[in-house]
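In case you want the letters, here they are:
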Amino acid sequence: MGNLQGQPRLTSLAPQFLVDDLARSMTYYQKLGFTFGEPWNGFYAIGELDGLELHLKEAPKNDAERQDRRECEHLDAAAGVDGIEAFYERCVANGVTILRPLTATAWGTKDFYIEDPDGNIIAFGGRPSAPGASQEPPRA
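Since we're looking at a predicted model, the values are computed, not measured. (Residues numbered from 1 in each chain as written. Predicted model: local features only at pLDDT ≥ 70, side-chain atom pairs only at ≥ 80, totals over all residues. Heavy atoms only, no water.)

Novice: Got a sec to walk through the overall build of the protein? Specific residues and values, please.
Specialist: When you go through the protein residue by residue, the secondary structure sums to 3 helices and 8 strands. Scanning the protein from its N terminus toward the C terminus, one meets helices and strands in the order β-α-β-β-β-α-β-α-β-β-β. Relative to its 140 residues, the protein shows a buried fraction of 32%. Partitioning the intrachain contacts of the protein with sequence separation of at least 6 by distance along the chain shows that 50% fall at a separation of at least 24. When the accessible area of the protein is evaluated, it comes to approximately 9300 Å², of which 53% is carbon and sulfur surface. (Helix = DSSP H or I, 4+ residues; strand = E, 2+ residues; numbered from the N terminus. Buried < 20%, exposed > 50% of the residue type's maximum accessible area, 1.4 Å probe, protein only. Contact = heavy atoms within 4.5 Å. Areas by Shrake-Rupley, 256 points an atom, 1.4 Å probe, with all protein chains shown as cover.)

What follows is the structure, given as structure tokens:
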């Protein structure tokens, strides 16, 4: 048997989105619940939500490619969410741009797509809550 402690293990993976205006994008992702530290050299910021990171870099992008991605629903990132309905409602309440509303999938989940101010498309999906299930823990 091999030594499991010596085996490499991936511990994180973070998308890096190219954005036109770093401050605007940070404000947008704060609506989703991300928190940001001070931007690095004014062009790079790392957001954190539930132990996951999102990297934003102020840099030029190709507008024609962005349009094609939008029309063909090509994703820039996908995220799994526990409590998908509540997360969707929070996004709607905070004015997040919903590209495709919360919808049941053929494989038993629900998902929705958002689009950030720079055209990045992100899918959020998760298992739906059981009908009538309480979000509170049972009482003794």
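That shown, we press on.
Novice: Please provide a residue-by-residue account of the nonpolar core, values included.
Specialist: Counting 24 residues, the largest nonpolar core has Phe17, Tyr29, Leu32, Leu56, Phe112, Ile114 and Phe124 as the members making the most contacts within it. Secondary-structure elements contributing two or more residues to this core are strand 1 (16-19), helix 1 (22-31), strand 3 (44-49), strand 4 (52-58), helix 3 (84-93), strand 7 (110-115) and strand 8 (121-126). Look past the residues within four positions of Leu32 in its chain and what remains in contact with it is Leu49, Phe87, Arg90, Cys91, Val96, Ile114 and Phe124. (Core = buried A, V, L, I, M, F, W, Y, C linked by side-chain atoms within 4.5 Å.)

Novice: Quick one: what's the story with helix 1, residue by residue and with numbers?
Specialist: Those residues of helix 1 lying buried are Leu22, Ser25, Met26, Tyr28 and Tyr29. The buried residues of helix 1 occupy an angular sector of 160° when projected down its axis, which confines them to one face. In the core, the buried residues of helix 1 are packed alongside strand 1, strand 2 (35-36), strand 3, strand 4, strand 7 and strand 8. Put simply, Asp21 is the residue that caps the front of helix 1, since its side-chain oxygen is 3.1 Å from the backbone nitrogen of Ala23. Immediately downstream of helix 1, the backbone of Gly33 shows phi near 115°, a positive value. (Arc of directions from axis to C-beta. Polar contact = N/O pair within 3.5 Å; in protein donor to acceptor, adjacent residues only side chain to side chain.)

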